[in-house]
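An overview of the molecular structure
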Amino acid sequence: MICYENHRYNPSLRDLPDDQSGSGRHKCAGCAYELGIKDGLNQNPIKNNFDDLPDSQAGTARHKDVQQAYLAGYREGSSKRTSL
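What you are looking at is a predicted structure, and each value in this text was computed from that prediction instead of being measured. (Residues numbered from 1 in each chain as written. Predicted model: local features only at pLDDT ≥ 70, side-chain atom pairs only at ≥ 80, totals over all residues. Heavy atoms only, no water.)

Where helix α1 (residues 29–41) contacts helix α2 (residues 66–82), the two axes come as close as 6 Å, and the packing angle between them is 30 degrees. The element α1 and its partner α2 pack so that their crossing is right-handed. Where α1 approaches α2, its residues A29, A32, Y33, L35, G36, I37, D39, G40 and L41 are matched on the opposing element by V66, A69, Y70, A72, G73, Y74, E76, G77, S78, K80 and R81. (Axes fitted to C-alpha atoms, helices over the stretch in contact; angles between N-to-C directions. Helix = DSSP H or I, 4+ residues; strand = E, 2+ residues; numbered from the N terminus. Left-handed = near helix turned anticlockwise from the far one by under 90°. Contact = heavy atoms within 4.5 Å.)

The next subject is the pattern of salt bridges. All told, the structure shown has four salt bridges when counted by the stated rule. Here D18 ties to K64 by a salt bridge, and the two come within 2.9 Å at their closest N and O atoms. In this pair, D18 is assigned in the segment before α1 and K64 in the loop between α1 and α2, connecting sequence segments 46 residues apart. For D18, a relative accessible area of 57% puts it in the exposed group. Since its relative accessible area comes to 10%, K64 is described here as buried. With a closest N to O distance of 3.2 Å, K80 and E76 form a salt bridge. Placement of both K80 and E76 in helix α2 is noted, with a separation of four residues, approximately one turn of the helix. Overall, E76 belongs to the partly exposed group, its relative accessible area being 25%. (Salt bridge = Lys/Arg side-chain N within 4 Å of Asp/Glu carboxyl O. Buried < 20%, exposed > 50% of the residue type's maximum accessible area, 1.4 Å probe, protein only.)

The next subject is the nonpolar core. By size, the foremost hydrophobic cluster in this structure holds 17 residues, and its most contacted members are A32, Y33 and A69. Mapped onto this core, the elements with two or more residues apiece are α1 and α2. (Core = buried A, V, L, I, M, F, W, Y, C linked by side-chain atoms within 4.5 Å.)

Following this line, the structure appears as C-alpha coordinates:
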(Lines give C-alpha, C1' and ligand atoms only; values in the text may rest on other atoms or scores of the structure.)
Protein backbone atom coordinates (compact mmCIF):
# COMPACT_ATOMS: atom_id res chain seq x y z
CA MET A 1 0.00 0.00 0.00
CA ILE A 2 1.37 3.41 -1.00
CA CYS A 3 0.27 6.81 0.32
CA TYR A 4 -0.63 9.45 -2.27
CA GLU A 5 -2.00 12.05 0.18
CA ASN A 6 -0.78 15.66 0.03
CA HIS A 7 0.44 15.47 3.63
CA ARG A 8 3.58 13.83 2.20
CA TYR A 9 4.62 17.41 1.37
CA ASN A 10 3.86 18.94 4.79
CA PRO A 11 6.64 21.51 5.37
CA SER A 12 6.76 20.76 9.11
CA LEU A 13 8.08 17.26 8.30
CA ARG A 14 11.35 18.79 7.03
CA ASP A 15 12.55 19.32 10.59
CA LEU A 16 12.15 15.67 11.57
CA PRO A 17 15.24 13.49 11.75
CA ASP A 18 15.98 11.16 8.87
CA ASP A 19 15.68 7.44 9.49
CA GLN A 20 17.03 4.87 7.08
CA SER A 21 16.80 1.90 9.44
CA GLY A 22 14.17 -0.27 11.04
CA SER A 23 10.71 -1.28 9.98
CA GLY A 24 9.52 2.32 9.55
CA ARG A 25 12.09 3.17 6.89
CA HIS A 26 9.63 3.61 4.04
CA LYS A 27 6.45 4.30 6.02
CA CYS A 28 4.65 7.58 5.40
CA ALA A 29 5.68 10.15 7.99
CA GLY A 30 2.68 12.27 6.98
CA CYS A 31 0.31 9.45 7.89
CA ALA A 32 2.18 8.95 11.18
CA TYR A 33 1.91 12.68 11.95
CA GLU A 34 -1.83 12.75 11.29
CA LEU A 35 -2.34 9.58 13.33
CA GLY A 36 -0.45 11.23 16.18
CA ILE A 37 -2.68 14.31 16.04
CA LYS A 38 -5.78 12.12 16.19
CA ASP A 39 -4.42 10.03 19.06
CA GLY A 40 -3.34 13.13 20.98
CA LEU A 41 -6.75 14.76 20.58
CA ASN A 42 -8.45 11.57 21.78
CA GLN A 43 -5.90 10.90 24.55
CA ASN A 44 -5.19 7.44 23.14
CA PRO A 45 -2.09 5.59 24.34
CA ILE A 46 1.06 6.43 22.39
CA LYS A 47 1.76 3.95 19.60
CA ASN A 48 5.15 2.53 18.67
CA ASN A 49 4.22 0.14 15.85
CA PHE A 50 3.60 1.63 12.44
CA ASP A 51 3.56 -1.51 10.29
CA ASP A 52 -0.02 -0.78 9.20
CA LEU A 53 0.83 2.62 7.72
CA PRO A 54 1.21 2.91 3.96
CA ASP A 55 4.63 3.41 2.39
CA SER A 56 5.80 6.72 0.97
CA GLN A 57 8.93 7.79 -0.84
CA ALA A 58 7.76 11.27 -1.81
CA GLY A 59 8.08 14.86 -0.68
CA THR A 60 9.20 16.07 2.71
CA ALA A 61 8.06 12.77 4.29
CA ARG A 62 10.75 10.84 2.39
CA HIS A 63 12.98 8.84 4.75
CA LYS A 64 11.74 10.70 7.83
CA ASP A 65 11.52 9.01 11.22
CA VAL A 66 7.88 7.87 11.53
CA GLN A 67 8.10 7.54 15.33
CA GLN A 68 9.22 11.16 15.61
CA ALA A 69 6.52 12.26 13.13
CA TYR A 70 3.89 10.48 15.21
CA LEU A 71 5.16 12.01 18.47
CA ALA A 72 5.20 15.51 16.94
CA GLY A 73 1.60 15.00 15.84
CA TYR A 74 0.67 13.60 19.24
CA ARG A 75 2.08 16.70 20.95
CA GLU A 76 0.13 18.92 18.57
CA GLY A 77 -3.09 16.99 19.12
CA SER A 78 -2.63 17.05 22.89
CA SER A 79 -2.02 20.80 22.88
CA LYS A 80 -5.13 21.39 20.76
CA ARG A 81 -7.16 19.31 23.20
CA THR A 82 -6.03 21.38 26.17
CA SER A 83 -6.95 24.61 24.36
CA LEU A 84 -10.54 23.48 23.67
